[in-house]
Amino acid sequence: MSPVRRNPTIWRTIAEHYRARILSGELRPGDKLPTARAMARTFRTSVFSVQHAMAFLVREGFIDRGHASGTTVLARVERLTRVGIVVFTGAWIPETYWKAATILAERLEKAGCRPVTLLERYDPECDAKHLLEAIRALDIQGVVALNAPDATLARLSKFRIPLVASSPALKNRRVELAGTAFCELAVRAVRDAGRRRPALLTTYPEAQRDDFLARAGKAGLRVPKSNVAAILGFHRNGLAENARRAFEAVRRLLARPPETRPDALAVFPDDILPGVVQAVYASGLRVPEDLLLVLYRNLGVEKFVSLPAVWIEADVDAMATAMVDMLGRIFLGEKVKPVTIPCTLAP
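Residues numbered from 1 in each chain as written. Predicted model: local features only at pLDDT ≥ 70, side-chain atom pairs only at ≥ 80, totals over all residues. Heavy atoms only, no water.

Draft legend 1. The packing of aromatic side chains, seen in detail. For the structure shown, the criterion picks out 5 aromatic pairs. For the pair Trp-11 and Phe-56, a centre-to-centre distance of 5.7 Å together with 65 degrees between the ring planes defines the contact as edge-to-face. Linking Trp-11 in helix α1 (residues 10–23) with Phe-56 in helix α3 (residues 47–59), this pair joins segments that are 45 residues apart in sequence. Taking the centre distance of 5.0 Å and the plane angle of 45 degrees together, the rings of Phe-182 and Phe-268 count as tilted. Within this pair, whereas Phe-182 is found in helix α7 (residues 180–192), its partner Phe-268 is found in strand β10 (residues 264–268), the two being separated by 86 residues in sequence. Phe-182 sits in the buried class, given a relative accessible area of 0%. (Phe/Tyr/Trp six-rings, centres within 6.5 Å; stacked < 30°, edge-to-face > 60°. Helix = DSSP H or I, 4+ residues; strand = E, 2+ residues; numbered from the N terminus. Buried < 20%, exposed > 50% of the residue type's maximum accessible area, 1.4 Å probe, protein only.)

Draft legend 2. Layout of the sheet that holds strand β11 (residues 292–296). Reading across the sheet, the 6 strands line up as β9-β8-β10-β11-β12-β14 and stay open at both edges, with mixed pairing between neighbours. In this open sheet, the two strands that pair with only one neighbour each are β9 (228–230) and β14 (343–345). Ignoring which end each strand starts from, the neighbouring axes of this sheet average 20 degrees apart. Pairing between strand β8 (residues 198–202) and β10: 5 bridges, direction parallel. Across the sheet, Leu-200 pairs through a bridge with Ala-266, a residue of β10. Across the sheet, helix α11 (residues 273–283) is in contact with β8, β10, β11 and β12 (310–314); its angle to β10 comes to roughly 160 degrees. (Pairing = 2+ DSSP bridges. Axes fitted to C-alpha atoms, helices over the stretch in contact; angles between N-to-C directions. Contact = heavy atoms within 4.5 Å.)

Draft legend 3. Fine view of helix α2 (residues 36–43). Of all the residues in α2, the buried ones are Met-39, Ala-40 and Phe-43. Down the axis of α2, the buried set is contained in an arc of 100 degrees. They therefore lie on one face. Exposed residues on α2 whose side chains face more than 90 degrees from its buried face are Arg-37, Arg-41 and Thr-42. The inward-facing, buried residues of α2 contact α1 and α3. (Arc of directions from axis to C-beta.)

Draft legend 4. Highlighting the sheet that holds strand β3 (residues 82–89). Pairing is parallel in the open sheet, where 4 strands are placed in the order β4-β3-β5-β6. Looking at strand neighbours, the two that pair on one side only are β4 (114–121) and β6 (163–165), the edges of this open sheet. The mean angle between the axes of side-by-side strands here comes to 20 degrees, regardless of whether they run parallel or antiparallel. Pairing between β3 and strand β5 (residues 142–146): 5 bridges, direction parallel. Counterpart to Gly-84 in the pairing with β5 is Val-143. Sheet strands touched by helix α5 (residues 129–137): β3, β4 and β5. Its angle to β4, the strand with the most contacts, is close to 160 degrees.

Draft legend 5. Layout of the pairing of β12. With 3 bridges joining them, β11 and β12 adopt parallel strand pairing. Bridge assignment links Tyr-296 to a residue of β12, and that residue is Ile-312. Two elements, β12 and β14, share 3 bridges in a ladder whose sense is antiparallel. Bridge pairing in β14 places Ala-314 opposite Cys-343.

Draft legend 6. Inspection of the side chain of Ser-49 at higher detail. With respect to the helices, strands and loops of the structure, Ser-49 is situated in helix α3. Dropping the residues within four chain positions of it, Ser-49 is found in contact with Ile-10, Trp-11 and Ile-14.

Shown next as structure tokens:
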């Protein structure tokens, strides 16, 4: 067996080795590092030297050491000291975004940043001028926007400040939840349940309609375009109007003759669930015997839905980690690509 090195600076060599791999992108946020004993064998040194190196990387914000989870690479935000987390809210704030804001703050603090959380009223016509004034007054160097209107993001993106959001309005600088991943899992749930005539109710017809129909076709389900209903003007309508439109759309779908009536209904997002649930109750259909419901979990409204349903949710922790990493790369002038966080079937 090779002798253990007695090099007093070996810990720096170890730290620089992993620091370089993280900076190059070889090790990504969430990746786990080998155990201290495995590193000690690799570098032919003592566990104490490895622990010294890991402690240095923790202080520098590159890794996080947990007793149960091991040593994990953190999202990188170098030279950023103050980051704004802007949550746009209407009548209520989606539970997903509350969780994301909390996790974002934790990630930023571990990376050596000071997070500043701002609540902004959801207004599709917001000119973002006063928001920019607040960002400048608080000396914020980068912004993560959650649930932001596309028009607001378009205006904010014109200013010289690193910006990451969960909206396709930013093109490359976005980390999206759900999206087409919802359609993929919804079709899988429908197929696994043995249903043949699924329908989709969505507020994002451009992004989901064709994807849903294509995935259904690949799964051997013949779904007419009339089985995709959309609520247009979702962000302008208000909660009561969206609920009314959702009720009418579902009522029309379920009023069809039994041979053409949908036997499964996927709904995205869950802002419109109050109207959906009301229409299902009014139809007199049994759930899930007559109608399988596949719903998206975001706002936390599942606590108030007594109907049995298949729930699909997104990995909010992965979303927050990806956003912090992307913001750091933008701040350093690196090119970034959009990231889509996959959905999972909730237990």
